[in-house]
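# Descriptive analysis of the structure
Given next are the chains, with one letter for each unit.
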Amino acid sequence: MTQTRLFTVRAAGGVVDVFLTPGLEDQGQFVSGPPHSINLQGYTTPEDAATLLHELLHVYDELCGGRLGEQRIRGIERFILALAQDNPQVVQKLARLLTTNHSK
């Protein structure tokens, strides 16, 4: 399977490489590590974004002890997706605030 590295995510004390992996059996796949990685079948649609979010939640779950489970991960995913879809202005504002350097 041919992979193309898309980017690296740093969060919750972990580092995760994200790869575009055409021909992947599922839409996305979290590979437990170290090193941790996420394989995505696509990276252009809203569904692909939802898959990336879902797999990132698996990363968080593993880094925090693996207590969430698939059902809770899906619930958190649905909540975040609904928040983003129903309130895009809030998500844009959060992104600006969270990525602005406020140090003087």
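Look above for the structure.
Throughout, a residue's number is its position along its own chain's written sequence, starting from 1. Totals for whole chains, interfaces and linings use all residues, but because this is a predicted model, local features are given only for residues with pLDDT of at least 70 and pairs of side-chain atoms are given and counted only at 80 or more. Only heavy atoms go into the side-chain values, all of them from the structure, while hydrogens and water stay out.

### Quick word on the overall build of the protein
Along the backbone of the protein there are three helices and four strands. When the backbone C-alpha atoms are referred to their principal axes, the protein occupies close to 45 × 30 × 30 Å. Out of the 104 residues belonging to the protein, those deemed buried represent 27%. Contacts in the protein between residues at least 24 apart in sequence constitute 23% of all its contacts with a sequence separation of at least 6. His residues and chain termini do not enter the charge count, which takes Lys and Arg as positive and Asp and Glu as negative. For charged residues, the charge sits on one atom: NZ in Lys, CZ in Arg, CG in Asp, CD in Glu. Once the 9 positive and 11 negative side-chain charges of the protein are each reduced to a mean point, those two points are 14 Å apart. Secondary structure elements follow DSSP: runs of H or I of four or more residues count as helices, runs of E of two or more count as strands, with numbering from the N terminus. Exposure classes here rest on a 1.4 Å probe applied to the protein chains alone. A residue is buried below 20% of its type maximum, exposed above 50%, and partly exposed in between. Contacts between residues were defined by any pair of non-hydrogen atoms, one from each residue, lying within 4.5 Å.

### Overview of the pattern of salt bridges
Pairing of side chains with opposite charge becomes possible as their charged atoms draw close. Any carboxyl oxygen of Asp or Glu that lies within 4 Å of a side-chain nitrogen of Lys or Arg is treated as forming a salt bridge with it. In this structure the tally under the stated criterion is two salt bridges. Taking the shortest distance from any N to any O, the salt bridge between R74 and E70 comes out at 3.1 Å. Pair noted here: R74 and E70 are both in helix 2 (residues 69–86), with a separation of four residues, about one helical turn. Judged by relative accessible area, E70 falls into the partly exposed class, the value being 32%.

### What to know about the environment of D86
Of note, D86 is situated in helix 2. Residues D86 and T21, 65 residues apart in the sequence, show an inter-C-alpha distance of 30 Å.

### Here's the deal with the nonpolar core
In this structure, V9, V16, V18, F30, I38, L40, L52 and V59 together form the largest nonpolar core, which totals eight residues. Only strand 2 (14–20), strand 4 (36–40) and helix 1 (46–63) provide two or more residues apiece to this core. Aside from chain neighbours lying at most four places away, what touches F30 is H36, S37, I38, E55, H58, V59 and E62. The nonpolar core is taken to be a set of buried Ala, Val, Leu, Ile, Met, Phe, Trp, Tyr and Cys residues, with the residues joined through side-chain atoms within 4.5 Å.

### Observations concerning the sheet that holds strand 4
Strand order in the open sheet made by the four strands is 1-2-4-3, with mixed pairing throughout. Edge positions in the sheet fall to strand 1 (4–11) and strand 3 (28–31), since each has one partner strand and no second. The sheet shows a mean angle of 20 degrees between the axes of neighbouring strands, direction not considered. By the convention used here, strands pair only if DSSP detects at least 2 bridges between them. Pairing geometry for strand 2 and strand 4, over five bridges, is parallel. Within strand 4, the position partnered with F19 by the bridge is N39. Fitting a line to C-alpha atoms yields each axis, with helices limited to the stretch in contact; the angle taken between N-to-C directions then spans 0 to 180 degrees.

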